Amino acid sequence: MELGDEFDDEPMSTRYMIERQRKLGESLRPIDQLRAVVLGAALSDRLNEMSDRQIGQLLFDFCWPELYVDGPELIIVTQAIDRLRRSTGGVITNEEAQESLKQQPVCPKCGNEIFLHYGIDEPDFWLCDRVACRHKRYVGEL
Ligand SMILES: [Zn+2]
């Protein structure tokens, strides 16, 4: 595969886009790293337009084979694929993408972004993204 032809007018297939993004990301040349970022954003936009079932298919095709046999990651991803296959969810609209950005609250301690985590064995919580802070607040707590 030739590096450097991703800005042609010919529309790229999603599979080709993923393979190229992977190749560019592995390259040590700064220009390829930059292309990987641009192509990654385009890939993200394209995935927004796909159904949950199509995302499940891409997980199976591209992520599942990368995981260790019998590792917990493989078990979790297999579970996610099975669930996405039964999902009827469709595209992520621009409104939804922007809405989730707008609702992104900031950490009351350091002002950094905080992300919602769905609690596993505990209630849902917000967690500050900054490693030095890691401020944690349970949903519904003031
Ligand atoms: Zn913080």
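About the criteria used
Residues numbered from 1 in each chain as written. Predicted model: local features only at pLDDT ≥ 70, side-chain atom pairs only at ≥ 80, totals over all residues. Helix = DSSP H or I, 4+ residues; strand = E, 2+ residues; numbered from the N terminus. Rg over C-alpha atoms; globule rule 2.2 N^0.38 Å. Contact = placed C-beta atoms within 7 Å. Pairing = 2+ DSSP bridges. Axes fitted to C-alpha atoms, helices over the stretch in contact; angles between N-to-C directions. Parallel < 35°, antiparallel > 145°, perpendicular 65-115°, else oblique. Left-handed = near helix turned anticlockwise from the far one by under 90°. Nonpolar A, V, L, I, M, F, W, Y, C, P; charged D, E, K, R; others polar. Buried ≥ 20, exposed ≤ 12 C-beta atoms within 10 Å, placed from the backbone. Expected span 1.5 Å × (residues − 1). Arc of directions from axis to C-beta.

J.: Would you mind showing me how to read the overall build of the protein here?
T.: Each helix and strand in the protein was counted, giving five helices and three strands. Starting at the N terminus and ending at the C terminus, the protein contains elements arranged as α-α-α-α-α-β-β-β. What you see for the protein is a C-alpha radius of gyration of 18 Å, clearly larger than the 14 Å of a compact globule of 142 residues, by over 25%. With the C-alpha coordinates aligned to their principal axes, the bounding extent of the protein is approximately 55 × 35 × 35 Å. Taking the contacts inside the protein whose residues are at least 6 apart along the sequence as the reference set, 31% of them involve residues at least 24 apart.

J.: Mind showing me how you'd approach the pairing of strand 2 (residues 125-128) here?
T.: Working note: regular strand, side chains alternate between the two faces of the sheet. Pairing between strand 1 (residues 114-117) and strand 2: four bridges, direction antiparallel. In the sheet register, His 117 faces strand 2, and the bridge partner there is Phe 125. Where strand 2 and strand 3 (residues 136-138) come together, three bridges link them in antiparallel fashion. Bridge assignment links Trp 126 to a residue of strand 3, and that residue is Arg 137.

J.: Looking at this structure, I do not really get the packing of helix 1 (residues 14-26) against helix 2 (residues 30-48). What am I missing?
T.: Where helix 1 meets helix 2, the closest approach of the two axes is 8 Å, and the angle between their N-to-C directions is 150 degrees. Looking at the two axes, helix 1 sits roughly antiparallel to helix 2. The way helix 1 lies across helix 2 gives a crossing that is left-handed. Of the residues in helix 2, those touching helix 1 at Thr 14, Met 17, Ile 18, Arg 20, Gln 21, Leu 24 and Gly 25 are Asp 32, Arg 35, Ala 36, Leu 39, Gly 40, Ala 42, Leu 43 and Arg 46. When its residues are assigned to classes, the contact of helix 1 with helix 2 shows seven nonpolar, four polar and four charged.

J.: Explain unusual backbone geometry to me, please; I cannot follow it from the model alone.
T.: Located in the positive-phi region is Asp 121, a residue other than glycine, with phi close to 65 degrees. Structurally, Asp 121 can be placed in the loop between strand 1 and strand 2. For Asp 121, a count of 4 C-beta atoms within 10 Å gives the class exposed. Of note in the backbone geometry, Arg 134 takes a positive phi value of approximately 55 degrees without being a glycine. Position of Arg 134 relative to the elements: it lies in the loop between strand 2 and strand 3.

J.: Please clarify how helix 4 (residues 72-86) should be interpreted in this entry.
T.: Owing to its 3.6 residues per turn, the α-helix aligns residues three or four sequence positions apart on the same side. Given a rise of 1.5 Å per residue, 15 residues ought to cover 21 Å, and the 22 Å separating the end C-alpha atoms of helix 4 matches this to within 8%. Counted residue by residue, helix 4 has zero buried out of 15 residues, so it is predominantly exposed.

J.: For this particular structure, what's the right way to read the environment of Asp 61?
T.: Take Asp 61: it is sitting in helix 3 (residues 52-63). For the pair Asp 61 and Arg 15, spaced 46 residues apart in sequence, the C-alpha separation works out to 9.3 Å.

J.: Help me understand helix 2 in this model?
T.: Over its 19 residues, helix 2 runs 27 Å from end to end, which matches the ideal 27 Å to within 8%, given 1.5 Å per residue. All of the buried residues in helix 2 are Arg 35, Ala 36 and Leu 39. Looking down the long axis of helix 2, one finds its buried residues gathered within 105 degrees of arc, a one-sided arrangement. Exposed and facing more than 90 degrees away from the buried side of helix 2 are Pro 30, Leu 34, Val 37, Ala 41, Ser 44 and Asp 45.

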